[in-house]
Amino acid sequence: MNSKTIQQIRLFTAIFAAILYIAGFLGFFYPIKLFDINIAPLIQRTFVDVTLTAGILLGFIFILTAVFGRVYCSALCPLGLFQELCLLLFHRKKLPLQKNRTFKYFLAAVCFGTLFGGTIFILRLIDPYTIFGSTLSGTLYGIICIALIALLTGLRGRWFCTNICPVGTILGLIARHAYNKIYIDAESCVACGLCAQKCPSGCIDFKNKTVDNETCIKCFKCLGLCHNKGLKFGHPQKKPNTIPFSPARRRLIISAAALATLAVAYKAGLKMSKDIATKVKTLLLPPGAGSAERFANKCLNCNLCVENCPMKIIKKADSAFPAVHIEYGKNYCSYNCNKCSQVCPSGAIRTLTLKEKRKTQIGLAAVNPDICIQCGLCVRECPRTAITKQQGDFPQINPDICIGCGACQAVCPVNAIKVTAINTQQTLPK
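Reading the values: the criteria
- Within any chain, residue numbers begin from 1 and follow the written order of that chain's sequence.
- For this predicted model, a pLDDT threshold of at least 70 governs which residues receive local features, and a threshold of 80 or more governs which side-chain atom pairs are given and counted, while totals over whole chains, interfaces and linings are taken from all residues.
- With hydrogens and water set aside, each side-chain value is computed from the structure's full complement of heavy atoms.
- Here a strand is any run of E in DSSP of at least two residues, a helix any run of H or I of at least four, and the numbering for each starts at the N terminus.
- Buried, partly exposed and exposed residues are distinguished by accessible area as a fraction of the type maximum, computed with a 1.4 Å probe on protein chains only: under 20%, between the cut-offs, and over 50%, respectively.
- When checking whether two residues touch, look at their non-hydrogen atoms; a contact exists if any pair is within 4.5 Å.
- For accessible areas, the Shrake-Rupley method is used with a probe of radius 1.4 Å. Any residue's cover is judged against the shown protein chains and nothing else.
- We count Lys and Arg on the positive side and Asp and Glu on the negative side, and we leave His and both chain ends out.
- Working definition for charges: the position is that of NZ of Lys, CZ of Arg, CG of Asp or CD of Glu.
- Disulfides are defined as cysteine sulfur pairs within 2.5 Å.
- The term nonpolar core refers to a set of buried residues drawn from Ala, Val, Leu, Ile, Met, Phe, Trp, Tyr and Cys, joined through side-chain atoms within 4.5 Å.
- Like charges are joined within 9 Å and nonpolar side chains (Val, Leu, Ile, Met, Phe, Trp, Tyr) within 5 Å, but only among residues with over 30% relative accessible area and no salt bridge; these make up the patches.
- In the sections that follow, a salt bridge refers to a side-chain nitrogen of Lys or Arg positioned within 4 Å of a carboxyl oxygen of Asp or Glu.
- Axes here mean lines fitted to C-alpha atoms, for a helix over just the part in contact, with angles spanning 0 to 180 degrees between N-to-C directions.
- Any angle from 65 to 115 degrees is called roughly perpendicular, while one under 35 is roughly parallel, one over 145 is roughly antiparallel, and all others are oblique.
- What makes a crossing left-handed is the near helix being turned counterclockwise from the far one by less than a right angle; a clockwise turn instead makes it right-handed.
- Charged means Asp, Glu, Lys or Arg here, nonpolar means Ala, Val, Leu, Ile, Met, Phe, Trp, Tyr, Cys or Pro, and polar covers whatever is left, Gly included.
- Centres within 6.5 Å make a pair out of two Phe, Tyr or Trp rings, where for Trp the six-membered ring is used; the pair is then stacked when the planes are under 30 degrees apart, edge-to-face when over 60, and tilted otherwise.

### Looking at the overall build of the protein chain
If you tally the helices and strands in the protein chain, you get 21 helices and 10 strands. C-alpha atoms of the protein chain, sized along the principal axes, occupy 95 × 40 × 35 Å. In the protein chain, buried positions account for 51% of the 430 residues. Put simply, 73% of the contacts in the protein chain that link residues at least 6 apart link residues at least 24 apart. Of the roughly 20600 Å² of accessible surface on the protein chain, 63% is carried by carbon and sulfur atoms. Distance between charge centroids for the protein chain: 9 Å, based on 50 positive and 19 negative side chains.

As structure tokens, then:
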């Protein structure tokens, strides 16, 4: 396959993925298969929830990386696609050579260590999927992050991908030993430097005729730039020049220190998850969230459920609660909808069928007799006939049937009904 075809395939995939991501995050429609292959949620679902499907998908991406390198970063990562757009807008004539910074291994160790310890709180602060989603949903944190990344991209190219992103660090370690690599044919290369000037990840050292495939995000732009076809992609027949390894002793020290950081972060994650559990307030959560502490420690805050909720009752994280939550107001949780359960990529909201969702109790409604005017609207509106009323009496709510959907609260003309959260969501027998 020639270089032009490779670039066209990569570009088409990237554009198609970008359209689906934006449409999904803005709530136009939900492309499930695309969102289910985001790596941070997959790692959480695989190693924390031990989900087979997630493990298969994660294994597929790792195998893809082991064969072709970091194609995920250039074709499927939403934040990677944004940075590529930034590079087009800034139109830098020359991008700097980038060093592979050691601190990124420790940053990744902290992020994934705390994740394995029980909370995704640290990882979601710099997870590319979360940053992209929270930006499109208009959160202040997301907007600040995306602005800083845009500025960094203009100055240093895709430095975020090569030296900050914890997902990129994991993929880079695999890509370093990938079967197919981008490499320089020393016999054809005339050391003009054109490829290095345009490389967005700054991984090409044309003077030493080396390519750092750990940081190379496989955009394949360099293949079309070289007039002498000195750059190639594939499995080299003879060993090309490579980025020299650091001395064995130094590698050993760095690896040991990173593992120690992972262990410390794991213990910190255990404590952090408990601290979050004690601080969160009891708020209504989407069906399938389980308990407040579980949900707060697993939610990515990508806001995909917020944007895709047709009733617009799921709200973004705020100072009162570190994850998304339900606020009924004038609306309620539709009895015929399980959209949030279907779109959540991290497993914070368990996947529920519509039948299961209809039996999931997320709260309990209560009637204030001091306000109630005995109009009976709540009785007619309840989808589960959990509310009964005798002539001249106040409405009675059966806690064994009520799921806390809020339909009664929404229809009450005097605000006499209030739905409150329960400690742990449960599935009712009928």
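### Some remarks on the state of the cysteines
Considering all chains together, one arrives at 0 disulfides under this definition. In this structure Cys378 is not part of a disulfide, and its nearest cysteine sulfur, from Cys375, lies 6.2 Å away. Not part of a disulfide, Cys412 finds its nearest cysteine sulfur in Cys375, a span of 6.0 Å.

### Brief notes about the nonpolar core
Counting residues in each nonpolar core, the largest one holds 85 residues, and the members touching the most others are Ile39, Phe295, Cys305, Ile313, Ile314, Phe321 and Tyr328. Here Cys305 is in contact with Ile314, Val324, Cys340, Val343 and Ile349, once residues within four sequence places are set aside. Core analysis: the next-biggest nonpolar cluster, separate from the first, contains 16 residues, Val71, Ile182, Cys199 and Leu231 among them.

### Concerning the environment of His91
The residue His91 is located in the loop between helix 6 (78-90) and helix 7 (103-117) in this model. Sequence-wise, His91 and Lys198 are 107 residues apart; in three dimensions their C-alpha atoms are separated by 9.9 Å.

### Considering a nonpolar patch on the surface
A cluster of nonpolar side chains, Phe47, Val48, Phe116, Tyr266 and Leu270, forms an exposed patch at the surface whose accessible area comes to about 430 Å². Its location among the elements puts Leu270 in helix 15 (residues 248-279).

### Thoughts on the packing of helix 6 against helix 10 (residues 140-156)
It is the contact of helix 6 with helix 10, at a shortest axis distance of 9 Å, that shows an interaxial angle of 50°. Judged by the angle between their axes, helix 6 and helix 10 are oblique. Handedness of the crossing formed by helix 6 with helix 10: right-handed. The residues of helix 10 that touch helix 6, namely those facing Leu79, Phe82, Gln83, Cys86, Leu87 and Phe90, are Ile146, Ile149, Ala150, Thr153 and Gly154. When grouped by side-chain class, the residues that make up the contact of helix 6 with helix 10 number 8 nonpolar, 3 polar and no charged.

### Focus on helix 9 (residues 128-136)
Of all 9 residues making up helix 9, 8 are buried, and the element is well covered by its neighbours. Every buried residue belonging to helix 9 is among Pro128, Tyr129, Thr130, Ile131, Phe132, Gly133, Ser134 and Thr135, and all of these are buried.

### Details of the packing of aromatic side chains
Taken as a whole and judged by the stated rule, the model has 7 aromatic pairs. Centre to centre, the rings of Phe12 and Phe16 are 6.2 Å apart; their planes meet at 5°, and the pair counts as stacked. Here Phe16 and Phe12 lie together in helix 1 (residues 3-25), a separation of 4 residues that amounts to about one turn. By relative accessible area, which is 60% here, Phe12 ends up exposed.

### Observations regarding the pattern of salt bridges
Pairs may arise between side chains of opposite charge once their charged atoms sit close together. Counted under the stated rule, the structure contains 5 salt bridges. Notably, a salt bridge pairs Arg10 with Glu84, separated by 2.8 Å at the nearest N-O pair. One end of the pair, Arg10, is in helix 1; the other, Glu84, is in helix 6, and 74 residues separate them in sequence.

### What to know about the environment of Ile43
When you line up the elements, Ile43 lands in helix 3 (residues 39-47). As a C-alpha pair, Ile43 and Leu57 span 14 residues in sequence and 9.8 Å in three-dimensional space. Residues contacting Ile43, with those up to four places away along its chain left out, are Val48, Leu58, Phe112, Leu115 and Phe116.

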